[in-house]
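Survey of secondary and tertiary structure
The primary structure of each chain is shown beneath.
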Amino acid sequence: MLVAAAVLPCPPLLVPEVAAGAAPELDPARAACTDALGVLAAARPDVLVVVGPDERTGLTRYPQGTPGSFRGFGVGVDVRLGPATDTVPGRPLPSSLAVAAWLLDRTGWADAPVEGVGTGAALPPERCAEAGRDIAARAGRVALLVMGDASACRTVKAPGYLDERAAPFDAEVARALGAADLAAVASLDAGLAHELQASGRAPWQVLAGAAEGAGLSGSLLYDDAPYGVGYLVATWS
């Protein structure tokens, strides 16, 4: 059963070495991420499942110990999803789960085993919900770390340029995540999310499926778009 969740953004810029001179601009977001991970630790889960956008289609599993890297962003920073194991991972972490691994290592996560799930951008809402229900049934006490950004179209300098639909979309997502409104999260328009380059849509809808019947309350810790991309931090507990 799901006992707690944290929703975090997943830009590699959260890693100071990647952000370089711009690193201080995201200090408030990093602080909010740390607070959110504290909520997960306080829930004393049996397992932590990290869900985030993936370049692969469908659902992809990443066992504990899977390595990741930010070398593609020009810095020699390597990470691992939780402690190393005897299992030989078949593929490296996607960037969203690599950011999660970096954040977990930064906060010294050692409270429960860690698993990763990558969600393809086109994963239908009903499949997301099904995946969430499966995750919630894995153990008596399951925590979710949900990685994903809101729209990338908030300003003319944003990756997706300016789209007038972006701010209202992000505002509704922030409201829904802050209120743990399962119905609103589950009903997010997948087509609109794709057009606005909102990478968090599928992971958020996995969360909505996992939280069915859990009776969790939400709290919004951070809501900003410093680079024209919506970054949100929320907790459900």
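Just above sits the structure.
1. Regarding unusual backbone geometry
The phi angle at Arg-44 is positive, at roughly 50 degrees, despite the residue not being glycine. Summarising the element assignment, Arg-44 is placed in the loop between helix 2 (27-42) and strand 2 (47-54). Backbone geometry places Tyr-161, a non-glycine residue, at a positive phi of 65 degrees. The class of Tyr-161 is exposed, set by a relative accessible area of 51%.

2. As for the packing of aromatic side chains
Under the counting rule described, the total for this entry stands at one aromatic pair. Taking the centre distance of 6.4 Å and the plane angle of 45 degrees together, the rings of Phe-70 and Phe-73 count as tilted. Overall, Phe-70 belongs to the buried group, its relative accessible area being 0%. With a relative accessible area of 45%, Phe-73 lands in the partly exposed category.

3. A look at the pattern of salt bridges
Two side chains carrying opposite charge are able to pair once their charged atoms lie near each other. A full pass over the atoms with the stated rule returns 10 salt bridges. Of the charged contacts in the structure, one is a salt bridge between Glu-212 and Arg-133, with a shortest N-O distance of 2.9 Å. With Glu-212 in the loop between helix 8 (201-210) and strand 8 (218-224) and Arg-133 in helix 4 (residues 125-136), this pair connects stretches of sequence that are 79 residues apart. When its relative accessible area of 43% is taken as the criterion, Glu-212 is described as partly exposed. Given a relative accessible area of 39%, Arg-133 falls into the partly exposed group. A salt bridge links Arg-165 to Asp-163, with the nearest nitrogen and oxygen atoms 2.9 Å apart. Shared partners join several salt bridges into a network, and the residues in it are Asp-163, Arg-165 and Glu-195.

4. Observations regarding the nonpolar core
Core analysis: the biggest nonpolar cluster contains 44 residues, and Leu-8, Val-50, Phe-70 and Leu-145 have the highest contact counts within it. Of all the secondary structure elements, the ones that give two or more residues to this core are strand 1 (2-8), helix 2, strand 2, helix 3 (95-106), strand 7 (142-147) and strand 9 (231-236). The element that contributes the greatest number of residues to this core is helix 3, accounting for eight residues. With residues near it in sequence (within four places) discarded, Leu-8 still touches Cys-33, Ala-36, Leu-37, Leu-103, Leu-145, Val-146, Met-147, Gly-148, Leu-232 and Val-233. Ala-166, Ala-198, Ala-214 and Trp-236 belong to the second largest nonpolar core, which has 41 residues in total.

5. Regarding the side chain of Gln-64
Tracing the sequence through the fold places Gln-64 in the loop between strand 3 (59-62) and strand 4 (67-69). At a separation of 2.8 Å, a polar atom in the side chain of Gln-64 contacts the main-chain amide nitrogen of Val-114. Filtering out sequence-adjacent residues up to four positions away, Gln-64 remains in contact with Leu-81, Gly-82, Pro-83, Thr-85, Pro-113 and Val-114.

6. Quick word on the layout of surface pockets
If you add up the space inside the largest pocket, you get close to 490 Å³. Forming the boundary of the largest pocket are 24 residues, of which Pro-53, Ala-121, Gln-197, Ala-198 and Ser-199 lie nearest the centre. When residues of the lining of the largest pocket are traced back to their parent elements, those giving at least two are strand 2, helix 3, strand 6 (114-120), helix 7 (190-195) and helix 8. With three residues, the top contributor of residues to the lining of the largest pocket is helix 7. Counted by class, the lining of the largest pocket contains 13 nonpolar, seven polar and four charged residues. The volume enclosed by the second largest pocket comes to roughly 180 Å³.

7. Quick look at the packing of helix 4 against helix 8
Interaxial distance between helix 4 and helix 8 falls to 6 Å at its minimum, and their mutual angle equals 50 degrees. The angle between helix 4 and helix 8 falls in the class oblique. Our pair here, helix 4 against helix 8, has a crossing hand that is right-handed. Two secondary-structure elements touch here, helix 4 through Pro-125, Cys-128, Ala-129, Ala-131, Gly-132, Arg-133, Ile-135 and Ala-136 and helix 8 through Arg-201, Ala-202, Gln-205, Val-206, Gly-209 and Ala-210. Per-class residue counts for the contact of helix 4 with helix 8 are nine nonpolar, three polar and two charged.

Criteria and cut-off values
Residues numbered from 1 in each chain as written. Predicted model: local features only at pLDDT ≥ 70, side-chain atom pairs only at ≥ 80, totals over all residues. Heavy atoms only, no water. Helix = DSSP H or I, 4+ residues; strand = E, 2+ residues; numbered from the N terminus. Buried < 20%, exposed > 50% of the residue type's maximum accessible area, 1.4 Å probe, protein only. Phe/Tyr/Trp six-rings, centres within 6.5 Å; stacked < 30°, edge-to-face > 60°. Salt bridge = Lys/Arg side-chain N within 4 Å of Asp/Glu carboxyl O. Core = buried A, V, L, I, M, F, W, Y, C linked by side-chain atoms within 4.5 Å. Contact = heavy atoms within 4.5 Å. Polar contact = N/O pair within 3.5 Å; in protein donor to acceptor, adjacent residues only side chain to side chain. 1 Å grid on protein atoms, 1.4 Å probe; cavity = no way out; pocket = protein on both sides within 12 Å on 5 of 7 lines; lining within 4 Å. Points joined across faces, edges and corners; volume = space filled by probe spheres on them. Nonpolar A, V, L, I, M, F, W, Y, C, P; charged D, E, K, R; others polar. Axes fitted to C-alpha atoms, helices over the stretch in contact; angles between N-to-C directions. Parallel < 35°, antiparallel > 145°, perpendicular 65-115°, else oblique. Left-handed = near helix turned anticlockwise from the far one by under 90°.

Everything listed here is a matter of coordinates, which is why it stays silent on function.
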